[in-house]
Amino acid sequence: MTPESPDLRSPAMEIRPVLAVDDIDLSDRNFWMRPHAEREGGFETLRQERPVAWMKEQEVIGAPIPAGPGYWALTRHADILEASRNPAIFSSARGATSIQDLPPEFSEFFGGMINMDDPRHGRQRRIVSRGFTPRALAKLEESVERRADAIIDRVIERGECDFVHDIAAPLPLEIIADMMGIPESQNEMLFRNTNIILGLGDPELVGEGGNIIATALGAGAELAALMKEMAAERAETPGDDLTSQILNAELEDGALTGEELASFFVLLVVAGNETTRNAVSHGMKALCDNPGERAKWSADFEGVASTAVEEIVRWSSPVIFMRRSCTQDTVLGEQAMKEGDKVVLWYNSGNRDSAVFEDPYRFDVLRTPNEHVGFGGPGPHFCLGANLARREIKVMFERILRRMPDLEITGRPDYLESNFIHGIKRMPCAFTPGSPSA
Ligand code: HEM
């Protein structure tokens, strides 16, 4: 580096590969309690030395679910892509969102189409996709902007707040509620129940000694009851929300039944809510840790936004894994697999693979190309809400960088204890107080 070309890039994050490959157990809670740099080091070691690694399974603590037979852990980007692209061999129907086999009625209710293969998956996806067309998203645009401003208005005079609770969390939830036509009075109930379902591994959210399955079913039942009530109302007086559209759709696939609607709704609030919230929270932390990157984005918000948003999703990897199961004997990454074997796609690791990303531990708002797998790999289950999420992240940061330009994180983030969702529960922040917009 010459004095004429100073290195304006942020330094790369430190990683510590302290574990030998045989000592890495991705099913062990202690692995996930290690400092972030050591976990990243563990994944780096797996990618280099054992990219398709056999892992034991553990019992689900607090639930009557025995430990399963184990699974193949995919940690390289290329192998994650290959499994995602071949759903006929790598099936989602035996459960995509949990490594353990959950009772089938449980997986179906909680995951809906994310836990199905075609043709059932394709039928549901075609019906609900109507809510995610460019036209439907354009209709939501005004709502995203107005709500983002209102969120900032609520805290801006205080000069400090909890970034997660007060800034990152409300927007995705409010937008899903707007999409579905849910009254605002239900927002607190939505927030509480989705927190429970997604935070299942974290004792604070379930309550020490609580039965995870019973707690989750209770939360799901409350959400489903709301949908049933709304379905009855919309059958009488249809509105122009997604709930009315998918109940009354006149399509060759038919409309969704009331049960299917309830489970789609549970999938939507769970998939669309915590993910986007965590992307915004980790994104803010990354911008505070890398002031040079923040300055670049602030100086040219529109010009940098599209690459910055993708980098935030890569960096945060809010969904850590999804699972598939082999429908036949096969070979992946030179590893022979048997019919029925479980395969876990570690997106967090794919997103740090140096075969694809130059200097993967550096947060770079101008990163191009950026073929991350934060929204899943290419294939039938690729995130349905990706464009909506991108929009929400962009609008939220436009407001933050413009209206709270000196916002800083003032304490250690309190991380969710989970190997599935890369979450932040609380994160204090401070900023110069301003005025609410007119
Ligand atoms: C940064 C935010 C988000 C991230 C990181 C994310 C990530 C993902 C991932 C990894 C998958 C699974 C892909 C697979 O199994 O192959 C997925 C699926 C899905 N996501 Fe997202 N998501 C986000 C936001 C959203 C939003 C805002 C919505 C809707 C409001 C949404 C709705 C869905 C749905 C419905 C599926 C299931 C698709 C299917 O099975 O066909 N997501 N998402």
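Residues numbered from 1 in each chain as written. Predicted model: local features only at pLDDT ≥ 70, side-chain atom pairs only at ≥ 80, totals over all residues. Heavy atoms only, no water.

Caption draft 1: Looking closely at the site of the ligand. Near the ligand you find 28 residues, and of these His121, Arg125, Arg324, His381 and Cys383 are the closest. Arginine 324 is positioned such that a nitrogen or oxygen atom in its side chain is 2.6 Å from an oxygen atom of the ligand. When residues of the shell around the ligand are traced back to their parent elements, those giving at least two are helix H5 (120–128), helix H13 (258–289), strand E5 (321–326) and helix H17 (386–403). Ranked by residues supplied to the shell around the ligand, first place goes to H13 with seven residues. Tallied by class, the residues present in the shell around the ligand amount to 18 nonpolar, eight polar and two charged. (Near = heavy atom within 4 Å. Polar contact = N/O pair within 3.5 Å; in protein donor to acceptor, adjacent residues only side chain to side chain. Helix = DSSP H or I, 4+ residues; strand = E, 2+ residues; numbered from the N terminus. Nonpolar A, V, L, I, M, F, W, Y, C, P; charged D, E, K, R; others polar.)

Caption draft 2: Geometry of the sheet that holds strand E12 (residues 428–430). Overall, antiparallel pairing links the three strands, which are arranged E4-E12-E9 in an open sheet. This sheet does not close on itself; its edge strands, each paired only once, are strand E4 (160–162) and strand E9 (408–409). Where E9 and E12 come together, two bridges link them in antiparallel fashion. Considered in E12, the bridge of glutamate 408 is made with alanine 430. (Pairing = 2+ DSSP bridges.)

Caption draft 3: Spotlight on H13. Taking 1.5 Å per residue, 32 residues should reach 46 Å; H13 reaches 46 Å between its end C-alpha atoms and fits that length. Of all 32 residues making up H13, 27 are buried, and the element is well covered by its neighbours. (Expected span 1.5 Å × (residues − 1). Buried < 20%, exposed > 50% of the residue type's maximum accessible area, 1.4 Å probe, protein only.)

Caption draft 4: Geometry of the coordination of the iron atom of the ligand. There is one protein donor for the iron atom of the ligand, namely Cys383 (SG), at 2.3 Å. Secondary-structure assignment places cysteine 383 in the loop between helix H16 (347–350) and H17. (Donors = N, O, S within 2.8 Å, 3.2 Å for Na, K, Ca; no water.)

Caption draft 5: Geometry of the packing of helix H8 (residues 170–180) against H13. The interhelical angle for the contact between H8 and H13, taken along N-to-C directions, is 150 degrees, at an axis separation of 8 Å. Judged on the interaxial angle alone, H13 and H8 are roughly antiparallel. Crossing angle aside, the handedness with which H8 passes H13 is right-handed. Seen from H8, the contacting residues are Pro172, Leu173, Ile176 and Met180; seen from H13, they are Leu261, Phe265, Leu268, Val269, Gly272, Asn273, Thr276 and Arg277. Tallied by class, residues from the contact of H8 with H13 come to eight nonpolar, three polar and one charged. (Axes fitted to C-alpha atoms, helices over the stretch in contact; angles between N-to-C directions. Parallel < 35°, antiparallel > 145°, perpendicular 65-115°, else oblique. Left-handed = near helix turned anticlockwise from the far one by under 90°. Contact = heavy atoms within 4.5 Å.)

Caption draft 6: Seen up close, helix H6 (residues 134–155). For H6, with 22 residues, the first-to-last C-alpha span of 32 Å sits near the 32 Å given by 1.5 Å per residue. Of all the bends found along H6, the most pronounced is centred on leucine 140 and spans about 35 degrees. (Bend = angle between axes of the 7 residues up to and from the residue.)

Caption draft 7: Quick peek at the sheet that holds strand E1 (residues 52–55). Read across the open sheet, the five strands follow the order E1-E2-E8-E5-E3; overall the sheet is mixed. The strands lining the two open edges of the sheet, one partner per strand, are E1 and strand E3 (90–91). As defined by bridge partners, E5 adjoins strand E8 (residues 342–346) across five bridges and the pair is classed as antiparallel. Bridging across to E8, arginine 323 finds its partner in valine 344. This element, helix H3 (residues 77–85), spans E1, strand E2 (71–74), E3 and E8 of the sheet and lies at about 125 degrees to E8.

Caption draft 8: Layout of the state of the cysteines. Enumeration according to the criterion identifies zero disulfides in this entry. There is no disulfide at cysteine 429, and the cysteine sulfur nearest it, in cysteine 161, is 3.6 Å away. (Disulfide = S-S within 2.5 Å.)

Caption draft 9: Region of the structure containing the pattern of salt bridges. By the definition in use, this model includes 43 salt bridges. Between glutamate 141 and arginine 391 there is a salt bridge, with the nearest N and O atoms lying 2.5 Å from each other. Of the two residues, glutamate 141 sits in helix H6 while arginine 391 sits in helix H17, which places them 250 residues apart along the sequence. Look at arginine 391 and you get partly exposed, because its relative accessible area is 28%. Between aspartate 149 and arginine 403 there is a salt bridge whose closest N-O contact spans 3.0 Å. In this pair, aspartate 149 is assigned in helix H6 and arginine 403 in helix H17, connecting sequence segments 254 residues apart. Here arginine 403 falls in the buried class, since its relative accessible area comes to 15%. (Salt bridge = Lys/Arg side-chain N within 4 Å of Asp/Glu carboxyl O.)

Caption draft 10: View of unusual backbone geometry. Residue proline 119 follows aspartate 118 across a cis peptide bond; omega there is 5 degrees. Structurally, the position occupied by proline 119 is in the loop between helix H4 (104–111) and H5. Look at the link from threonine 368 to proline 369: it is a cis peptide, with omega at -10 degrees. In this structure, glutamate 334 is a non-glycine residue whose phi angle is positive, near 65 degrees. Position of glutamate 334 relative to the elements: it lies in the loop between strand E6 (330–332) and strand E7 (335–337). On the accessibility criterion, glutamate 334 (82% relative accessible area) is exposed. In this structure, aspartate 359 takes a positive phi of about 50 degrees despite not being glycine. Along the polypeptide, aspartate 359 turns up in the loop between H16 and H17.

Caption draft 11: The nonpolar core, seen in detail. Ranked by internal contacts, the top residues of the largest apolar core, which has 129 residues, are Leu26, Phe163, Trp297, Trp346 and Phe397. The element best represented in this core is H13, accounting for 15 residues. Leucine 26 has contacts with Phe31, Trp32, Phe43, Leu46, Met55, Tyr71, Ala73, Trp346 and Asn419, leaving out every residue within four places of it along the chain. (Core = buried A, V, L, I, M, F, W, Y, C linked by side-chain atoms within 4.5 Å.)

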